[in-house]
Amino acid sequence: MTSLAINKSTVVGSNSIHPSPTFLHFSNVLLIVFFSFSISANADVVSERRAGFKTNAASMRAIASAIGGGDYQTVINQAKTISNWAQKIPGYFPEGSGVGDTKARAEIWTNFKDFTALAKANETAANRLVTTAKSGNPGAMMAGLKNLGGSCKACHRSYKD
Ligand code: HEC
């Protein structure tokens, strides 16, 4: 009887020193859940920003044909869409989101201030086109569109594969 009691307390003692297999299993599950969450959060941010840029390309095409067609309200609306997205660009490039199905270059995160400034320049060019479109001069709008396209390329040149 006595020796059984001693054995029992020895077992209990060893359990309290070493983490139980159940606890280890539980913490492994937590780690796996945590890492799969980070991976899917990254995939989300990449696919959302790619969608934002695809909309940009569609807006540029819509603006070009709207200038030709004299539909200046569309020019204004699409330029505003580009301006709104430009404000959000830096927020869609969190640290560590340069992996996976992305053409984002690593330099974005070593030169984040410059990257942010290029997004700001894109926003300014889009806002200028809004103002120009309100004036109703198609030649000035074409020049504004070209200038806006230049601000897209300026960023791609340094930061997109
Ligand atoms: C501040 C930087 C920046 C500006 C400004 C910018 N882009 Fe981009 N663009 C990127 C980066 C970086 C990527 C790559 C994103 C990725 O793959 O994760 C990209 C991707 C794209 C893509 C590919 C989307 C896809 O995955 O299919 C298109 C199209 C695009 N941009 C068009 C534009 C247009 C049009 C403009 C201007 C109206 C513009 N971009 C302005 C940085 C920029």
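Parameters at a glance
Residues numbered from 1 in each chain as written. Predicted model: local features only at pLDDT ≥ 70, side-chain atom pairs only at ≥ 80, totals over all residues. pLDDT = per-residue confidence, 0-100. Contact = placed C-beta atoms within 7 Å. Near = placed C-beta within 6 Å. Helix = DSSP H or I, 4+ residues; strand = E, 2+ residues; numbered from the N terminus. Axes fitted to C-alpha atoms, helices over the stretch in contact; angles between N-to-C directions. Parallel < 35°, antiparallel > 145°, perpendicular 65-115°, else oblique. Nonpolar A, V, L, I, M, F, W, Y, C, P; charged D, E, K, R; others polar. Expected span 1.5 Å × (residues − 1). Buried ≥ 20, exposed ≤ 12 C-beta atoms within 10 Å, placed from the backbone. Arc of directions from axis to C-beta.

Chemist: Explain the confidence of the model for the protein to me, using residue names and the numbers behind them.
Modeler: Per-residue confidence for the protein gives a mean pLDDT of 89, with 89% of residues at or over 70. Considering only residues more than four positions removed or in separate chains, one finds that residues 1–14, a stretch of pLDDT under 50, has 0 contacts.

Chemist: Please provide a residue-by-residue account of the site of the ligand, values included.
Modeler: Every one of the 24 residues lining the ligand counts as a neighbour, but Arg-50, Phe-53, Thr-102, Cys-152 and Cys-155 are closest to it. If you list the elements that add at least two residues to the shell around the ligand, you get helix H2 (21–69), helix H5 (112–135) and helix H6 (138–159). Among the elements that take part in the shell around the ligand, H2 stands out by supplying 8 residues, more than any other.

Chemist: For the packing of H5 against H6, give the residues involved together with the corresponding values.
Modeler: Taken N-terminus to C-terminus, the directions of H5 and H6 make an angle of 170°; their axes are 9 Å apart at the nearest point. Compared by their axis directions, H5 and H6 come out roughly antiparallel. On H6, the residues that touch Phe-115, Leu-118, Ala-121, Asn-122, Ala-125, Ala-126, Arg-128, Leu-129, Thr-132, Ala-133 and Ser-135 of H5 are Ala-140, Met-141, Gly-144, Leu-145, Asn-147, Leu-148, Ser-151, Cys-152, Ala-154, Cys-155 and Tyr-159. For the contact of H5 with H6, the per-class residue count stands at 15 nonpolar, 6 polar and 1 charged.

Chemist: Got a sec to walk through the environment of Glu-107? Specific residues and values, please.
Modeler: Note that Glu-107 resides in helix H4 (residues 107–110). Taking the C-alpha atoms as reference points, Glu-107 and Tyr-159, separated by 52 residues in sequence, lie 6.4 Å from one another. For Glu-107, the residues in contact, after removing those within four places along its chain, are Ser-158 and Tyr-159.

Chemist: Give me H2: which residues, what numbers.
Modeler: End to end, H2 covers 71 Å across 49 residues, agreeing with the expected 72 Å (1.5 Å per residue, within 8%). Buried-residue contacts for H2 involve helix H3 (72–88) and H6. Among the residues trailing H2, Gly-70 stands out with phi positive, at a value near 70°.

Chemist: Hey, could you go over H6 for me, with residue numbers and the actual values?
Modeler: Its 22 residues place the ends of H6 32 Å apart at the C-alpha level, agreeing with the 32 Å of an ideal helix rising 1.5 Å per residue. Residues Met-141, Gly-144, Leu-145, Leu-148, Ser-151 and Cys-152 constitute the buried set of H6. Down the axis of H6, the buried set is contained in an arc of 115°. They therefore lie on one face. Along H6, the residues that are exposed and aim more than 90 degrees away from the buried face are Gly-139, Lys-146, Gly-150, Lys-153 and Arg-157. Residues of H6 that are buried in the fold lie against H2, H3 and H5.

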